[in-house]
Amino acid sequence: MIPFLDLKKINQPYETAFQEKLKLVLDNGWYILGKEVENFEKAFAEYCHTKYCIGVGNGFDALVLIFKGYIQLGKLQKGDEVIVPANTYIASILAILQADLVPVLVEPKLETYNINPDLIQEKITPKTKAILAVHLYGQLAEMEKINEIANQHNLIVVEDSAQSHGAINNQQLIINNQQSAQAYSFYPGKNLGCLGDGGAITTNDSELAKVLFSLRNYGSEKKYYNEFVGINSRLDELQAGFLNLKLPNLDADNEKRRSIAKRYLSEIKNDKIKLPFWDLSNNHVFHLFVIRTENRDDLQHYLTQKNIETIIHYPIPPHKQKAFPDWNNLSFPITEKIHNEILSLPISPVLTETEVDFIIEILNQY
Ligand SMILES: *Cc1c(COP(=O)(O)O)cnc(C)c1O
């Protein structure tokens, strides 16, 4: 069986280093917000070319805290509208709601699966105050256009980078210099994953960073002195220690993912299968390799029979979820089409050439 994602195999090479790190942290006797978190925040900020990195509990909290931070700074207010792609993992939308803001869904482009910038303008109202761009499946959204719209309407730009560690290009470096923040998740299956929950926020906004360092820790900078109504969402010291060991290999891991994607793109030749669009100027990190086909369930069944595990990211669009009964009758045809047709093929730094050969061969025989 070719598993969709072999997490054990991904983490195996670090086993000895992980054990040494555990011993180091154990012997250190400092288990919350210690040297490992501090070192990781420094290293990840440098890696992302941002001034600040704030380690937090998970990717969802990273998003919520960014919004709460802007609310604290008076730049957002409860009830403000936030533009978000209709086609995203539900966490993006739940985070907006958790911060008492109002999500406004916008259709994606069928080819890139990312938000269609041309459809944002018509959704902007006087209450629109931010855009949450999601870099879905590892490919950056069209930030140049999104940023231009944001500048025209004085909107805050937040990026859900939970699937796009390392997908930084020149455009994002420019955006990073403005009023924006990026949310990362280190959930085990992400391109940079720890052995539990973990997350981080990156930003160049020093005002925002100052608030966030406090908000994630009960709104307190100095112990037992609380400036803000904060929460407890700190990146765990031990997880930070593991991330410090894995971060140096992130670029190589992403390169491996890209090389597999290149093979899929050039060698899968089947009229029934639509391959993902990759704008080569975009440093896609292929968190997922998502194909489309009209008879998706049939293809998935066929692949399972051939011992190839696939997953659907995601089977039900957010607006059709039971959690949002008010949205169930809304129509987002492109989002719905995507959810009905997509299938994610195995892709990871530990997938072997032989496995890739086999997957391509089986797909071409379908
Ligand atoms: C994984 C993910 C999140 C949430 O991250 P957690 O660490 O699981 O909270 C948010 N947005 C997207 C797009 C994700 O893929």
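Residues numbered from 1 in each chain as written. Predicted model: local features only at pLDDT ≥ 70, side-chain atom pairs only at ≥ 80, totals over all residues. Heavy atoms only, no water.

Within the secondary structure, Lys-21 is located in helix α2 (residues 15-28). Not counting residues within four places of it along the chain, the set of residues in contact with Lys-21 comprises Glu-36, Leu-238, Gly-241, Phe-242 and Leu-245. (Helix = DSSP H or I, 4+ residues; strand = E, 2+ residues; numbered from the N terminus. Contact = heavy atoms within 4.5 Å.)

Our next topic: the sheet that holds strand β4 (residues 128-134). As summarised here, the arrangement of the seven strands in space is β1-β7-β6-β5-β4-β2-β3, forming an open sheet in which the pairing is mixed. Bordering the open sheet on either side are β1 (52-56) and β3 (102-106), each of which pairs with just one other strand. Averaged over all pairs of adjacent strands, the angle between their axes in this sheet comes to 25 degrees, without regard to strand direction. Where strand β2 (residues 81-85) meets β4, three bridges bridge the pair, whose relative direction is parallel. (Pairing = 2+ DSSP bridges. Axes fitted to C-alpha atoms, helices over the stretch in contact; angles between N-to-C directions.)

As annotated by UniProt and renumbered to match this structure, "modified residue: N6-(pyridoxal phosphate)lysine" (unreviewed entry) occupies Lys-190. By the secondary structure assignment, Lys-190 is in the loop between β6 (180-185) and β7 (199-203). (UniProt positions renumbered as here; feature names shortened; annotations may be inferred.)

The next point concerns the layout of surface pockets. In this structure, the largest pocket spans a volume of roughly 580 Å³. Of all the secondary-structure elements, those providing two or more residues to the lining of the largest pocket are α4 (59-72), α5 (90-98) and β6. Among the elements that take part in the lining of the largest pocket, α4 stands out by supplying three residues, more than any other. Split into classes, the residues belonging to the lining of the largest pocket amount to 15 nonpolar, nine polar and four charged. Residues from two domains meet in the lining of the largest pocket; each of domain 1 (7-247) and domain 2 (249-365) gives at least three. Reported here for the second largest pocket is a volume of approximately 480 Å³. Around the second largest pocket, the lining is made up of 16 residues, and of these Ile-32, Leu-33, Asn-217, Lys-223 and Arg-234 lie nearest the centre. For the lining of the second largest pocket, the elements supplying multiple residues, two or more each, are α8 (206-215) and β8 (220-222). Per-element tally for the lining of the second largest pocket: the top contributor is β8, with three residues. (1 Å grid on protein atoms, 1.4 Å probe; cavity = no way out; pocket = protein on both sides within 12 Å on 5 of 7 lines; lining within 4 Å. Points joined across faces, edges and corners; volume = space filled by probe spheres on them. Nonpolar A, V, L, I, M, F, W, Y, C, P; charged D, E, K, R; others polar. Domains from an automatic or database assignment.)

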